Structure formats: structure tokens, C-alpha cells
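Summary of structural features
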Amino acid sequence: QVQLVESGGGLVQPGGSLRLSCAASGTIFSLGDMAWYRQAPGKQRDLVARISRGGGTDYADSMKGRFTISRDNAKRTVYLQMNSLKAEDTAVYYCNAAVATSLDLRIRNYWGQGTQVTVSS
């Protein structure tokens, strides 16, 4: 079994910052791409940012310059630094990872349980 556990969400004022973390644990042989998605009420889940094992990154256009994704392979953790937050960034943020498990080395996609980010004055 593989678990992804997010942390760091909360309530922040417009213009503020938050740092999300997502730690992977379980029967992991290797971690591939890791990503953050978000889902606002009544909307679909959208990609925020993705990072490869080697550190290559990809961002949704509206996050470029404000959000930074990073990872620590030794800690099996991905981070999302969010700056200059706006009300429209309010959503549940989900961690996603491509994982080859040590059971059969097959690559599967896993999701965390989500962490709420609310941007409001």
C-alpha cells in the first residue's frame, strides 16, 4: 500500500503565502512524477504544477511566478510554495504521484486525501 499525506493548508489573507507538503510512504520502489492539483467547489480538478524525479517542472499558466513546486527525493516529499495568494486560489489541493511499488514494480497513480486552502480577508 502507498499513502500520500498532505499538510500545510489553512486560512490565509489575500497576498499571503502558504507552503503545502505531501509525504509518500508505504511499499515504494520508486517515485516518478509528483504533482499538485486543486479542485474548487463545483469545478473540476485541475493541474497546478508537476515535477519530475529529476526536477523538471511544469505549471498551469495562472500559477506561473506565484507558485513553486519542489521535491526532496530522499524524504519522498513534494512541496508547493504558494505566494501572492488570491481568493480564486481557494480550493482543496491534492497531491498526486506516480509510484512503482516494491510488490510488483508496476507504476500506479496515487492521490492524497486533500488539504483545504482558503484565501479570504
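Scroll up for the structure.
Overview of the structure. Bear in mind that the values here come from a model prediction, so they are computed numbers and not experimental data. (Residues numbered from 1 in each chain as written. Predicted model: local features only at pLDDT ≥ 70, side-chain atom pairs only at ≥ 80, totals over all residues. Heavy atoms only, no water.)

A few words now on the sheet that holds strand β8 (residues 77-82). Backbone hydrogen bonds hold the strands of a sheet together, and the pairing may be parallel or antiparallel. The four strands are arranged β1-β3-β8-β7 in an open sheet whose pairing can be described as antiparallel. The two strands at the open ends of the sheet, each matched to only one other strand, are β1 (2-7) and β7 (67-72). Each strand of the sheet is rotated relative to its neighbour by a mean of 15 degrees, with strand direction disregarded. Bridge count between β7 and β8: six bridges; the pairing is antiparallel. Counterpart to F67 in the pairing with β8 is M82. (Pairing = 2+ DSSP bridges. Helix = DSSP H or I, 4+ residues; strand = E, 2+ residues; numbered from the N terminus. Axes fitted to C-alpha atoms, helices over the stretch in contact; angles between N-to-C directions.)

Our next topic: the pattern of salt bridges. With the rule as written, the count across this model stands at five salt bridges. A salt bridge links R38 to D89; its shortest N-O distance comes to 2.9 Å. You can see R38 sitting in strand β4 (residues 28-39) and its partner D89 sitting in the loop between β8 and β9 (91-101), a full 51 residues away along the chain. The burial state of R38 is the same as that of D89; both residues are buried. Close ionic contact of D104 with R108 constitutes a salt bridge, the shortest N to O distance being 2.9 Å. Classification of D104 as partly exposed rests on a relative accessible area of 36%. (Salt bridge = Lys/Arg side-chain N within 4 Å of Asp/Glu carboxyl O. Buried < 20%, exposed > 50% of the residue type's maximum accessible area, 1.4 Å probe, protein only.)

Moving on, we get to the nonpolar core. As a rule of thumb, nonpolar side chains are buried together in soluble globular proteins. Residues W36, L80, M82 and Y93 are the most contacted members of the largest nonpolar core, which totals 31 residues. In contact with M82, other than residues within four places in its own chain, are G16, S17, L18, L20, R66, F67, Y93 and V117. (Core = buried A, V, L, I, M, F, W, Y, C linked by side-chain atoms within 4.5 Å. Contact = heavy atoms within 4.5 Å.)

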